[in-house]
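# Commentary on secondary and tertiary structure
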Amino acid sequence: MLSQEEHKRYNRHLILEQVGQIGQEKLKASKVLVVGAGGLGCPVLQYLTAAGVGTIGIIDFDTVSLSNLQRQILFTTDDVGKNKAQAAADRLVLLNSFIRFHVFTERLTTKNALDLFSRYDLIVDGTDNFSTRYLVNDACVLTNKPFVFGSIYTFEGQVSVFNYEGGPSYRCLFPTPPKAGSVKNCSVIGVLGVLPGIIGTQQANEVLKFILGIGEPLSGKLLIYDALNASSMVLTVQRSANEIERVLQKREEFEHYDYDLFCGLQGAELNQISLQVFKTMLEDESVRIIDLREEWEEPQLSGSNVERITMSEILTKKERFQTDKRLVLICQTGSRSANVRQLLAREGWDGILELKGGMQEYE
Amino acid sequence: MKLKIIYLGKIKELTEKDNQQIEIEKGMSVQDLIDQLTVEYPHLAFESFQISVNRNLVEFSHVLTEEADIALLPPFSGG
C-alpha cells in the first residue's frame, strides 16, 4: 500500500497507464542490488531511488576520489575519502526516505556473491573491471538472477540484459576475457563525463521495465552507443548453452575460483597456480594446458584441453605456444615449467601460468 | 563483393577510422577476413573482439556469402 505522501511523490508514475498504482507497488516491493557505485552506479542508483524501488543494495569497497567527481554525480567534494556505497546511500536517503538501503562496504567476492545475490530480484552491473564482470555474470547464472549490464570506453557504451528468462549471459557474448592489459579502464584512458550518465540511465530504464513488466527487455541484444555522433546500434546475441552449462558445472568450485587469475590480473610473482585452481581449468576450452613431461611420468593427466610438448621439443617448436588461449604449463615438480615459462617470457610471451609444485601432488 | 567494416571501441583507435569499405572474394570466412585486416592493421592480432555480420554475432568460421555490414566489437571494461 502506498501512503498519501507516496501518492504525491510518485504522481507522474501513477497517472501513466503502464505504471499506475499496481506498477508503483511493484517498484516498492522490488529489491535491486547495484554492484559498484561509480560512473554507471551513480545514475542507476539516483533514478531507482527517485522511482521508488523499495529496497536497494549498494556494494562498493572503493572510496571517493577527486577525479571521480567529473562523472560520479552522487558525490560532493566533501565525500572525497569516504566509502562510495556509504556516501551514495547518505546522499540518496535525502532524495527519497521511503527507500530501504543496504550498504555493503566490502569487495564483491566469490565468498559473498551467491548469498548476496540470492537476496535480490535483479542485479545491476556497474563494475569497472573484467574480473568482477565475469564474477557478477557467473554468480547471476548460479543464483538464476537476471542482470542489467553496462560498460563504457571513452565515448562508447554497451548495454544489455543478461540471464533473463533463458536468454544469453555475458559469457555468451564474450566467452573469454581479453588478454591481460589489452583493455584499459577509465583511469588510464579517460572517459567523457556524461557517457556513464547516458549508459547508466539506459540501465536504470531496463531495471524499471523489468520490474514493471513493460516494453521489451534488452535481452538477447546488445545496445552500442557512440556519444561522438549520437548513434546507436543493436546487435543480436545468441544464448550459448555450453557457456551457461560450464558456469553451472563450476558451482562446487565457485567459492575458490580466482577471477583475477582468470582475467590475467595477477602480478609477476603470481604466475604459479595452486592445484585447486588448476583443477578448475581442466576441460576449460579457453585454456591450453601443456604437459611438459615425458610419456612415462605418473600420474597421467588427460583432458580435452591437455596436450603434451616435452622439454626436448620446446626449443624447436616454440611457435606451438602462439595462441589466443591462456597457457598453463605443468611438469612433475614445477621445475621444468618454471624454466620454460621464463624462457618464453624472455621471448615476449607473458601471462603464462605454471602449476605450483607440479603433478607429483596430483590426485 | 563489397563489405562495410564498422570499427568499435579500441579497434576504432587502432585503425584510426569509424568504418571502411573493402572488396573481398565471395566465400571467405570471417577468420580469413580478420587475417586480411591484420595485414593492414598488425595490432589487431593483440586485440580481443567479436564479429557481427548484419548485426548478428557470428563464429569466426562463418562464411561470408553476400554483401554485408561487419562490426568488430571489443569488450569494454569501464564503469
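What comes next is a walk through the structure. (Residues numbered from 1 in each chain as written. Chains lettered and ligands numbered in written order. Predicted model: local features only at pLDDT ≥ 70, side-chain atom pairs only at ≥ 80, totals over all residues. Heavy atoms only, no water.)

## A few points about the overall build of chain B
- Helix and strand counts for chain B come out as two helices and five strands.
- Listing the helices and strands of chain B from first to last along the sequence gives β-α-β-α-β-β-β.
- Taking 12 Å as the expected radius of gyration for a compact globule of 79 residues, we find that chain B reaches 12 Å, a close match to that expectation.
- Viewed in the frame of its principal axes, chain B has a C-alpha envelope of about 40 × 25 × 20 Å.
- Within chain B, the proportion of its 79 residues that are buried is 54%.
- Counting only contacts in chain B whose residues sit at least 6 apart along the sequence, the fraction spanning at least 24 positions is 51%.
- As presented, chain B carries roughly 3800 Å² of accessible surface, and 48% of it is formed by carbon and sulfur atoms.
- In chain B, the 7 positive side-chain charges and the 13 negative ones have mean positions that sit 6 Å from each other. (Helix = DSSP H or I, 4+ residues; strand = E, 2+ residues; numbered from the N terminus. Rg over C-alpha atoms; globule rule 2.2 N^0.38 Å. Buried < 20%, exposed > 50% of the residue type's maximum accessible area, 1.4 Å probe, protein only. Contact = heavy atoms within 4.5 Å. Areas by Shrake-Rupley, 256 points an atom, 1.4 Å probe, with all protein chains shown as cover. Lys, Arg positive; Asp, Glu negative; His and termini not counted. Charge placed at Lys NZ, Arg CZ, Asp CG, Glu CD.)

## Comments concerning the sheet that holds strand β9 (residues 272-273) of chain A
Residues and elements named next belong to chain A.
- Ordered by their spatial adjacency, five strands build an open sheet running β9-β13-β12-β10-β11, and the pairing between neighbours is parallel. Only two strands of the sheet have a single neighbouring strand rather than two, namely β9 and β11 (306-308).
- As paired elements, strand β12 (residues 326-330) and strand β13 (residues 353-355) share two bridges and run parallel to each other. Bridged to V328 within β13 is L353. (Pairing = 2+ DSSP bridges.)

## Quick look at the layout of surface pockets
- Space inside the second largest pocket adds up to approximately 760 Å³.
- Across the lining of the second largest pocket, the residue classes break down as nine nonpolar, 20 polar and nine charged. (1 Å grid on protein atoms, 1.4 Å probe; cavity = no way out; pocket = protein on both sides within 12 Å on 5 of 7 lines; lining within 4 Å. Points joined across faces, edges and corners; volume = space filled by probe spheres on them. Nonpolar A, V, L, I, M, F, W, Y, C, P; charged D, E, K, R; others polar.)

## Quick notes on the side chain of E243 of chain A
- With respect to the secondary-structure elements, E243 of chain A resides in helix α11 (residues 241-249).
- In this structure, E243 of chain A is in contact with R171, C172 and P175 of chain A, ignoring residues within four places of it in sequence.

## Section: helix α2 (residues 30-40) of chain B
All names here are of chain B.
- Those residues of α2 that sit buried are V30, L33, I34, L37 and T38. Down the axis of α2, the buried set is contained in an arc of 140°. They therefore lie on one face.
- Against the buried residues of α2 lie β1 (2-7), β2 (19-23), β3 (50-53), β4 (56-58) and β5 (68-73). (Arc of directions from axis to C-beta.)

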